[in-house]
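If you want the building blocks of each chain, they are given just below.
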Amino acid sequence: MIPAENPARLAVSLTNGLNVEIRLGVKETRIGRGADADLLLPDPSVSRLHARIFRVGEQYFLADTSRNGTYLDGKRVTQAVLEGGQAFRIGPYQIHFLRERHCLGADPPTVAQGAPLTGNSADPVSLSTPATSSDTFGLEGKSPFIKKLIEDIRRVASSDLPVLVEGETGSGKELVSRGIHSASSRRNRPFVVVNCGAISPELIESELFGHEKGSFTGATAQRRGAFEIAHGGTIFLDEIGELPLALQPKLLRALEQKEIKRVGGNDTILVDVRVIAATNRNLREEMTRKAFRDDLYFRLSTITLQVPPLRERREDIVPIALLFLAEAASKANRPAPELTGSAAEFLASHDWPGNVRELRNAIQRAVVMGEGPSLAAGDFSFLLTPECPAVAVAADSRLTRWEQTEKNSILAELARQRWNKTRTAHELGIAKSTLFEKLS
C-alpha cells in the first residue's frame, strides 16, 4: 500500500464553487461521464469511461480509453507516468494529480534557541520539528482546543450523521471536513466541495442536484449535480448560510429522504451521501431573521463542531508558522529561513483576524520578500499599519481600555523599530527592563 505519509489524490474544479477530490489507492480509478466512474465528469465531451489510473509499485499511470483524447502537458497520450503536481486535461477539465510529501526539506525551519514567546512558553527544540502526522488531519498544534477537535473528528467520522462545522473565516473548517471524510469508511469515494457563496442563486440548484436537457436556457445537455457526483462519498457545503431560502426545503429533503430530483426532471434519484456543512455566520440569528429554516438547521446540526480562532490558541501559532515556512521555502526552492525570537513573539501576539489563512499568506510573503537566512519581526511589519496599529493585537477582556491601548502602542512601536527593544524602549520613554516586564 501507499505509505500514509505520501498519499495521492485527484482534484478537479468542475465549475466556480464546485470542486471534487478523490483519493487514489490500490484499486484502479476510473474517470468518465458514466455512472460507474469513480471520478464523474458531467460533460458531453467526456466519454463514459474516458481514462483510468492504475498503480504499479509506488508509481501511478494514466491510461486513455476515449475517442476525444486525454492530454498531458499539451500532448495527447495513450499512457503516461504521473508525477506529483502534474495536471492532465479531459474535455474542459484540468485534473490535478497531487502527491503530498511531508518531508519538505532536509533542514526544517527553527526558532532561535531560547527565544521568548508571547503567551504560553514553548520548547524551541520541539518547535524545530513541526508535527506532520497524518492522524492529526493536517490540524497543527498542541493546544487543548486542537487536541479535543482531533478527538471529536475521529468520533464523528465513525457515523454518517450530518455535521455542522462553525468557525471564523480562514480558521480551517474545510480541513476539519476533509479530516472527517478521510477518517470515515467513505474515504475512497469522492469528496465534493460546494461553496454556496460562490455560486449565483440562479445556478445553485442545478449545481447541487443537476438538470435535464432543455430545463432552462443554456441547458444543452443532461448534467449530474454535486449530490450525484458525490454518491458514496461526502459533500461539503461551505458557507451554508448563503444558501437561498427557497432552495433550503429541497436540501432538507435530500438529507432526510436520501433522494433528489434534477432541475426539470420528474425522476427521483437515490443518493448515498454524507453531508457536512460549514458557516462563519450565527445561524441561530439567521433563523430569528427568517433567513434560514429552523428545520434545516436542526437537521444539519445533528453534530456540531467548533473550530477555534487562532487568537484563542496562541500557543499553536508558531508551530503552524514553522510548517508554513517549510512549505513556502520548498516552493521557492530555497532553504527554510530561521524564525527569530522577535518574529516568534510578533506572530504569537498578532490578532490574526483572517486566522490560519492569513498566517499562511503572511509567511509566504515574508519568505519571498525577506533577505538573509532568518526572518525577524520587521519582516512582518506589513501586518501593522500606522493608520490602524490596533489590528495587530487581540482585545483582551482582562485588560482595561488604558492597558489595551498601551499594549497596542508597544507592539506597534516594536514593529516600527524592527523589534529592536533598546530603540523601542527609548522611543517610548521607558526603561528596557520595564519593556521586558510589559512584554512578559
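Quick summary incoming for the structure in this document. (Residues numbered from 1 in each chain as written. Predicted model: local features only at pLDDT ≥ 70, side-chain atom pairs only at ≥ 80, totals over all residues. Heavy atoms only, no water.)

1. Thoughts on the environment of R33
Tracing the chain through its elements places R33 in the loop between β3 (29-32) and β4 (39-40). For the pair R33 and L49, spaced 16 residues apart in sequence, the C-alpha separation works out to 6.6 Å. Each residue touching R33, except ones within four places of it in the same chain, is listed here: L40, L41, D43, P44, V46, S47, R48 and R224. (Helix = DSSP H or I, 4+ residues; strand = E, 2+ residues; numbered from the N terminus. Contact = heavy atoms within 4.5 Å.)

2. A closer look at helix α9 (residues 317-331)
The first and last C-alpha atoms of α9 sit 21 Å apart over 15 residues, in line with the 21 Å expected at 1.5 Å per residue. Counting buried positions along α9 gives twelve out of 15 residues, so the element sits mostly inside the fold. Every buried residue of α9 is listed here: I317, V318, P319, I320, A321, L322, L323, F324, L325, A326, A328 and A329. Two residues or fewer after α9 comes N333, characterised by a positive phi angle close to 55°. (Expected span 1.5 Å × (residues − 1). Buried < 20%, exposed > 50% of the residue type's maximum accessible area, 1.4 Å probe, protein only.)

3. Structural notes on the sheet that holds strand β5 (residues 51-56)
Strands in a sheet are paired, the pairing made by backbone hydrogen bonds, and the direction either parallel or antiparallel. The mixed open sheet is built from five strands, whose spatial order is β4-β3-β5-β6-β9. The outermost strands of the open sheet, each flanked by one partner alone, are β4 and β9 (79-82). Bridging between strand β6 (residues 59-64) and β9 involves four bridges; their strand directions are antiparallel. Each bridged residue has a counterpart across the sheet, and for A63 the counterpart in β9 is Q79. (Pairing = 2+ DSSP bridges.)

4. Details of the sheet that holds strand β8 (residues 75-77)
Strands sit in the order β8-β7-β10-β11-β1-β2-β13-β14-β17-β12-β18 across an open sheet of eleven strands; the sheet is mixed. The sheet is open, and its two edges are formed by β8 and β18 (303-307), each paired on a single side. In this sheet, adjacent strand axes meet at a mean angle of 25° when their direction is disregarded. Seen against the sheet, helix α2 (residues 144-157) touches β12 (163-167), β17 (274-279) and β18 and runs at an angle of roughly 155° to β18. (Axes fitted to C-alpha atoms, helices over the stretch in contact; angles between N-to-C directions.)

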